[in-house]
Amino acid sequence: MGKRLLLVVAGALAASCGTFRNFYNDTDIPDLPYRQPYGGVRIDVILGVDMYDDERCGSGRWPACVLQRVFVGPYLLTIDLAASALTDTLTLPATSSAPEAPRESPRPAD
């Protein structure tokens, strides 16, 4: 019973990462939404699909590649996506009134 409770609490704390990232102005990945309605869902889809499209696949190491494609990608596209949809709905008042604020890229323009 204790292990199940620990897994449930860990899952709840780890879920809805996309929503949290929607409110964090991460300039490392400038194409992600920032304070947009349902931005967390968009982030989960972008990053989840990227887990399968990544040519380097775990920086070229097979254990990391397996982790990325078998666990992280499916997690983002199922559990985290559903949790982000719920928490994005709860944060709609904050995101719908926010002005469109594009992320600034730290890279200089070519």
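The structure we're discussing is the one just above.
These figures come from a predicted structure and were not determined experimentally.

The rules we used
Residues numbered from 1 in each chain as written. Predicted model: local features only at pLDDT ≥ 70, side-chain atom pairs only at ≥ 80, totals over all residues. Heavy atoms only, no water. Patch = residues over 30% accessible without salt bridge, like charges linked within 9 Å, V, L, I, M, F, W, Y side chains within 5 Å. Areas by Shrake-Rupley, 256 points an atom, 1.4 Å probe, with all protein chains shown as cover. Salt bridge = Lys/Arg side-chain N within 4 Å of Asp/Glu carboxyl O. Helix = DSSP H or I, 4+ residues; strand = E, 2+ residues; numbered from the N terminus. Buried < 20%, exposed > 50% of the residue type's maximum accessible area, 1.4 Å probe, protein only. Contact = heavy atoms within 4.5 Å.

Draft legend 1. A nonpolar patch on the surface, seen in detail. A grouping of Trp62, Val66, Leu67, Val70 and Phe71 is seen on the molecular surface, where their side chains present a nonpolar patch of about 560 Å² in accessible area. Here Phe71 lies in helix 4 (residues 62-90). With a relative accessible area of 52%, Phe71 lands in the exposed category.

Draft legend 2. Quick peek at the environment of Val45. Along the polypeptide, Val45 turns up in helix 3 (residues 39-53). Each C-alpha atom of the pair Val45 and Leu77 lies 6.3 Å from the other, and the pair is 32 residues apart in sequence. Apart from residues lying up to four places away in sequence, Val45 is in contact with Leu77 and Leu81.

So far we have only geometry, and geometry alone does not tell us how the molecule works.
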